[in-house]
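Secondary and tertiary structure notes
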Amino acid sequence: MDKLRRVLSGREENEELGLTAQVLDGSSLSFSTRVKWFVICFAGGVLCSILGSALLFLPGGYKLFAVFYTLGNILALSSTCFLMGPLKQLKRMFEPTRLIATIVMLLCLVLTLCAAFWWKKNGLAIIFCILQFLAMTWYSISYIPFARDAVIKCFTTCLS
């Protein structure tokens, strides 16, 4: 369990933690508290996404779908801040290996809401929600070693 704590917080075994490091790292919460809030945030994100999908079938439910689906993705994304800390999360999000996926994902979050409320284009909002899903998936698998290579290889094999 200690090894899991060190990996999730990004600490090495021989590194001492001061109060400043804990605050900057966002790990001033106990490990069990961070895991509980991760689960709460992630479950809330999944619940919002499912609720948004259910609201899609109501009359005029496109706007509610766009809001709840986007809110669900934001909650799920921010849930990992509890595990590794907000600054480390931001640093990892904007690493060169996932920079494009992060930008596309954040752009799709904003464009979904713009399409639903500002431009009032329901079809475009649905397209941006689909792009949100794809960008979030691509972003998520960037944390798994060699997962992107496996997905690319699978698609190129299937297409040829």
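About the cut-offs
Residues numbered from 1 in each chain as written. Predicted model: local features only at pLDDT ≥ 70, side-chain atom pairs only at ≥ 80, totals over all residues. Heavy atoms only, no water. UniProt positions renumbered as here; feature names shortened; annotations may be inferred. pLDDT = per-residue confidence, 0-100. Contact = heavy atoms within 4.5 Å. Helix = DSSP H or I, 4+ residues; strand = E, 2+ residues; numbered from the N terminus.

The name given to the protein chain in an unreviewed UniProt entry is Vesicle transport protein, and the organism recorded there is Characodon lateralis. According to the UniProt record, the Function (unreviewed entry) comment for the protein chain reads "May be involved in fusion of retrograde transport vesicles derived from an endocytic compartment with the Golgi complex." The UniProt entry for the protein chain carries the following comment under Sequence similarities (unreviewed entry): "Belongs to the SFT2 family."

**With respect to the confidence of the model for the protein chain**
Interpreting fine coordinate detail is not advised for predicted regions of low pLDDT. Counting all residues, the mean pLDDT for the protein chain is 85, and 83% of those residues have values of 70 or more. Segment residues 13–17: pLDDT under 50, and three contacts once partners within four positions in sequence are set aside and those in other chains are kept.

**Re the environment of Y69**
In this fold, Y69 is placed in helix α4 (residues 61–84). Here the alpha-carbon distance between Y69 and V46, two residues 23 residues apart in the chain, equals 8.8 Å. If we ignore the near neighbours within four places in the chain, the residues touching Y69 are C48, S49, C129, Q132 and F133.

**Comments concerning the UniProt feature "transmembrane region" (unreviewed entry) in the protein chain**
Residues given the UniProt feature "transmembrane region" (unreviewed entry) here are residues 37–58, 64–87, 99–119 and 125–146. Between the end C-alpha atoms of residues 64–87 there is a gap of 31 Å, over a span that is 96% helix and 0% strand.

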